[in-house]
There are 2 protein chains.
Amino acid sequence: MSTDSDFLDFIHKGYEQHLPHLSIDCAVFGFHENQLRLLLTKVIRINQWSLPGGFIRREESVDMAAQRILRERTGLDNIYLEQFKVFGSADRNNTPDTKKIVKSVDNNITDDNWLLQRMVSMGYYALVDIAKVTPTPDTLSEECRWWDLTTLPPLLFDHSEIVKDALKALRQHLANKPIGFNLLPEKFTMTELRRLYETILGRTIDRGNFEKKILKLGILDRLDEVKSNVTYKAPFLYKFNTVKYQELLETDAGFGF
Amino acid sequence: MSTDSDFLDFIHKGYEQHLPHLSIDCAVFGFHENQLRLLLTKVIRINQWSLPGGFIRREESVDMAAQRILRERTGLDNIYLEQFKVFGSADRNNTPDTKKIVKSVDNNITDDNWLLQRMVSMGYYALVDIAKVTPTPDTLSEECRWWDLTTLPPLLFDHSEIVKDALKALRQHLANKPIGFNLLPEKFTMTELRRLYETILGRTIDRGNFEKKILKLGILDRLDEVKSNVTYKAPFLYKFNTVKYQELLETDAGFGF
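Since this is a predicted model, take the numbers as computed values, not measurements.

What counts, and at which threshold
Note that residues are indexed from 1 along each chain, following the sequence as it is written. For this description, chains carry letters from A and ligands carry numbers from 1, given in the order in which they are written. Local features in this predicted model are restricted to residues of pLDDT 70 or higher, and side-chain atom pairs are both shown and tallied only at a pLDDT of 80 or more, whereas totals for entire chains, interfaces and linings draw on every residue. Values shown for side chains rest on all heavy atoms present in the structure; no hydrogens or waters enter the calculation. Domain start and end points were adopted from an automatic or database domain assignment. Every residue pair with non-hydrogen atoms within 4.5 Å of one another is taken to be in contact. Accessible area that two parts lose when put together, with a 1.4 Å probe and added across both, is what the buried area reports. Salt bridges are counted wherever a side-chain nitrogen of Lys or Arg sits within 4 Å of a carboxyl oxygen of Asp or Glu. Each residue gets one of three labels, nonpolar for Ala, Val, Leu, Ile, Met, Phe, Trp, Tyr, Cys and Pro, charged for Asp, Glu, Lys and Arg, and polar for the others, Gly among them. Axis definition: a line fitted to C-alpha atoms, over the contacting stretch in the case of helices. Angles run 0 to 180 degrees between N-to-C directions. Helix and strand assignments follow DSSP, with helices taken as H or I runs no shorter than four residues and strands as E runs no shorter than two, numbered in order from the N terminus. Each angle gets one of four labels, with under 35 degrees taken as roughly parallel, over 145 as roughly antiparallel, 65 to 115 as roughly perpendicular, and the rest as oblique. Note on convention: near helix rotated counterclockwise from far helix by under a right angle means a left-handed crossing. Clockwise means right-handed. UniProt positions are given in the numbering used here, feature names are shortened, and annotations may be inferred rather than shown by experiment. Definition of a polar contact: a pair of N or O atoms within 3.5 Å, with one able to donate and the other able to accept a hydrogen when the atoms are protein atoms, and with sequence-neighbouring residues admitted only if both atoms are side-chain atoms. Here a helix's expected span is defined as the number of its residues, less one, multiplied by 1.5 Å. Each nonpolar core is a collection of buried residues, namely Ala, Val, Leu, Ile, Met, Phe, Trp, Tyr and Cys, held together in the definition by side-chain atoms within 4.5 Å. With a 1.4 Å probe rolled over the protein chains alone, any residue whose accessible area is under 20% of its type maximum counts as buried; one over 50% counts as exposed, and the rest are partly exposed. Our working definition of a disulfide is a cysteine sulfur pair at a distance within 2.5 Å.

Visitor: Explain the domain arrangement of chain A to me, please; I cannot follow it from the model alone.
Guide: Where interface size is quoted, it is often the accessible area lost as the parts come together. Residues and elements named next belong to chain A. Taken as a whole, chain A is organised into domain 1 (4–173) and domain 2 (185–250). Between the C-alpha centres of domain 1 and domain 2 there is a distance of 33 Å. The interface of domain 1 with domain 2 comprises six residues on the first partner and six residues on the second. Of the roughly 580 Å² buried where domain 1 meets domain 2, counting both sides, 68% is carbon and sulfur surface. Considering only the side of domain 1, the residues that lose the most area to domain 2 are Phe31, Asn34 and Arg171, jointly responsible for 71% of the buried surface there. Where domain 1 touches domain 2, the interface holds zero salt bridges. Across the side of domain 1 that touches domain 2, the residue classes tally to three nonpolar, two polar and one charged.

Below you can see the structure in the form of structure tokens.
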């Protein structure tokens, strides 16, 4: 899609290629200078920010659709994605905004159009390395960029709730999903890992306690390498041990009895 | 629905009341004599067991639909339900079984019928007190009953995968969802709570370690009451402290830094 004519075609016939009543919304988190950031798109014609999202093609799985949508918005393949919740209120997208966008292209479009119907949205969160992302708007948006999580604008539909729930899921998954893998460089210091956890949890963590607990999980390999270009005593670098991390994910990592 | 004529009407016109392409499947767990049990329905005409499930009415939220479906199968209101995953493979219900059921009622039904289309299923798990449930089949099933989790029959479509994933979610949620609340009586002993956790995790847990960790969470109130009708030294009874439990759920309970 790139012109009004393409958009018109999508409005009129998009349901032939896509499943009706189903949408995908993604909270894409990046980590930059000890801050969590969120990727947002500015929707055309209504001057409103929203989560990157899209629809499911009839021949693709829901997970494949999410990967495709995010590849289109970020330029990245194989993004770490977690489908964390379904947003299924009966009236969640029943707002004048959708009509305004659709009717701005063709005022004769009737209320039974597939895009004006109820959409049940599959909520995903994604974790990416900001440095690797090229934010790219689609035809339904005029801008795509990173926002600090602490200063988000008002969002379309229930997208603020989706962000809140995504962050809650992210916090709860810290114990048993490979969160750190996807937001840190391959080699990192203990302090960098702790800063990431502190940022996600929104509070400080006792340094000694953190180190003890995280090492006890057995998922980190300490390298025979120290961080360079630092003026103070050079700290050791660590890597995640993917095999042990995977083993831990298969068990009840969170409870630790 | 209760007759072939009702079923026929549902096949032909069900999409008028329900959203197409969307279904709900529920893994209903009960706890009985230190065993986890699962509620299954036997699908008519194909002699196959499946999870209780259904469709979403156009005016109800997805969560309300899940509550309604389970109320119809169990007789219970306000069941503890967690929507834990979406099952969205493109070919997940593209099997001869659906056609067999539908065509057994009307052989002229064409492949574009809404029930023969791709269904994206919202997976829920439910935790119930077995003693309170009255298993009730619907028109699409000829039997509804409890099965031991260790001896399940082969299941329809991807329902075995749904059960496996539900159990995995249940294990991971042990740390930060009110699992115990819904599977135990109001008052319970420390041993009963530990047995529940052992059953869900599928392994034994060190007694002293469990007691120490669970008490440290601060979510249990010890009552000034001991269990009666026991011949050995009577153990104390505990209750969940709902306020503290709720507070814990709002935080990063799982990681505990």
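Visitor: Help me out: how do you make sense of the packing of helix α1 (residues 4–17) of chain B against helix α3 (residues 96–105) of chain B in this one?
Guide: A pair of packed helices can be characterised by two numbers: the angle between their axes and the separation between those axes. All names here are of chain B. Running from amino to carboxyl end, α1 crosses α3 at an angle of 120°, the nearest separation of the two axes being 9 Å. The angle between the axes of α1 and α3 places the two elements in the oblique class. The element α1 and its partner α3 pack so that their crossing is left-handed. Residue-level contacts link Asp4, Phe7, Leu8 and Ile11 of α1 to Ile101, Val102 and Val105 of α3. When the residues that make up the contact of α1 with α3 are grouped by side-chain class, the tally is six nonpolar, no polar and one charged.

Visitor: How do you make sense of the UniProt feature "domain: Nudix hydrolase" (unreviewed entry) in chain A when you look at a structure like this?
Guide: UniProt's feature table lists "domain: Nudix hydrolase" (unreviewed entry) at residues 19–171 of chain A, given in the numbering used throughout. Secondary structure content for residues 19–171 of chain A is 24% helix and 37% strand, and the end C-alpha separation is 32 Å.

Visitor: How should I be thinking about the interface of chain A and chain B in this particular structure?
Guide: With 44 residues of chain A in contact, the opposing surface of chain B contributes 44 residues. Carbon and sulfur atoms make up 60% of the area that chain A and chain B hide from each other, which totals about 3400 Å². Our count for the contact surface shared by chain A and chain B stands at ten residue pairs in polar contact (both at pLDDT 80 or more). Among the residues making up the side of chain A that touches chain B, the classes are represented as 20 nonpolar, eleven polar and 13 charged.

Visitor: Even after reading the chapter, I still don't get the side chain of Arg92 of chain B, so can you show me in this structure?
Guide: All names here are of chain B. In this fold, Arg92 is placed in the loop between β5 (80–87) and α3. A polar contact is formed between the side chain of Arg92 and the backbone oxygen of Met119, at a distance of 2.9 Å. At 2.8 Å, the side chain of Arg92 and the side chain of Asp158 are in polar contact. In this structure Arg92 touches Ser23, Asp25, Phe87, Met119, Ser121, Phe157, Asp158, His159 and Ile162, once residues within four positions along its chain are discounted.

Visitor: Explain helix α2 (residues 62–74) of chain A to me, please; I cannot follow it from the model alone.
Guide: Spacing of three or four residues puts side chains on the same side of an α-helix, whose turn is 3.6 residues. An ideal rise of 1.5 Å per residue puts 18 Å on 13 residues; α2 of chain A measures up with 18 Å between its terminal C-alpha atoms. Following α2 of chain A by one or two positions, Gly75 of chain A adopts a phi angle in the positive range, close to 80°.

Visitor: Sorry if this is basic, but what is going on with the nonpolar core here?
Guide: In summary, soluble globular proteins display a tendency toward joint burial of nonpolar side chains. In terms of nonpolar packing, the biggest core is built from 50 residues, with Ile24 and Met122 of chain A together with Ile24 and Met122 of chain B touching the most fellow members. Residue contacts for Met122 of chain A: discarding those within four places in its chain leaves Leu22, Ser23, Ile24, Asp25, Val62, Lys85 and Val86 of chain A together with Val86 and Met122 of chain B.

Visitor: How should unusual backbone geometry be read in this particular structure?
Guide: Most of the time, phi is negative for any residue but glycine, and the peptide bond is trans. Residues and elements named next belong to chain A. Phi is positive for Arg45, close to 70°, though the residue is something other than glycine. Backbone geometry places Phe157, a non-glycine residue, at a positive phi of 45°. Assignment of secondary structure puts Phe157 in the loop between β7 (141–148) and α4 (159–173). By relative accessible area, which is 29% here, Phe157 ends up partly exposed.

Visitor: Got a minute to help me understand the state of the cysteines in this structure?
Guide: Residues and elements named next belong to chain B. Evaluation of the coordinates by the stated rule reveals zero disulfides over all chains. Cys26 supplies the cysteine sulfur nearest to Cys144, a cysteine that is in no disulfide, at a spacing of 11 Å. Given the relative accessible area of 9%, Cys144 is considered buried.

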